Amino acid sequence: MNIDLKTLPDKILPILIRLKRSAVFIFIILFLLIFSFLVFRINLLMRSEPTDDSVTEKLKTVQRPRIDKTALDKIQSLQDNNVDVQSLFKQARDNPFSE
């Protein structure tokens, strides 16, 4: 196939005119294709769940908080001795999200 550079604009011009007439239609189709691909991809990623191995691996790196036994005993003794503190603890236990 021989391509002559002098006749190339004459061959491309009808194609460009046809594309120019249907540019809006082509743009809408491309937009809908990209939009549907994104919706499909988001839906696929939203449904995926981590594997059990990855969950256990992440749980191994989490450090659990430790409460000192003496501090726990002191808080419990204060709770038992003070009526105001008892009601405060009970209220916090009943509704932990109140301020």
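Residue numbers here run from 1 along each chain, matching the order of that chain's written sequence. Residues qualify for local features only when their pLDDT is at least 70, as the model is predicted, and side-chain atom pairs are given and counted only at 80 or more; totals for whole chains, interfaces and linings, by contrast, use all residues. To get the side-chain values, all heavy atoms of the structure are used, and hydrogens and water are removed first.

S.K.: What's the story with the overall build of the protein in this structure? I'm lost.
M.R.: For the protein, the helix and strand inventory stands at five helices and zero strands. Ordered by position from the N terminus, the helices and strands of the protein form the series α-α-α-α-α. Here the term buried applies to any residue with accessible area under 20% of the maximum for its type, exposed to any over 50%, and partly exposed to those in between, with areas from a 1.4 Å probe on protein chains only. Within the protein, the proportion of its 99 residues that are buried is 1%. Carbon and sulfur atoms make up 65% of the accessible area of the protein, which amounts to about 10,300 Å² in all. The secondary structure listing takes helices from DSSP runs of H or I that are at least 4 residues long and strands from runs of E that are at least 2 residues long, numbered from the N terminus. In this description, accessible areas are obtained by the Shrake-Rupley approach with a 1.4 Å probe, and a residue is regarded as covered only by the protein chains that are shown.

S.K.: What is the right way to look at the pattern of salt bridges in this model?
M.R.: Here the idea is simple: oppositely charged side chains can pair when their charged atoms come close. One speaks of a salt bridge when a side-chain nitrogen belonging to Lys or Arg is within 4 Å of a carboxyl oxygen belonging to Asp or Glu. Taken as a whole, this structure holds one salt bridge when the rule is applied. Across the pair Asp73 and Lys69 runs a salt bridge whose closest N-O atoms are separated by 3.7 Å. Residue Asp73 and its partner Lys69 are located together in helix 4 (residues 69-81), separated by four residues, close to a single helical turn. Residue Asp73 is classed as partly exposed on the basis of its relative accessible area of 36%.

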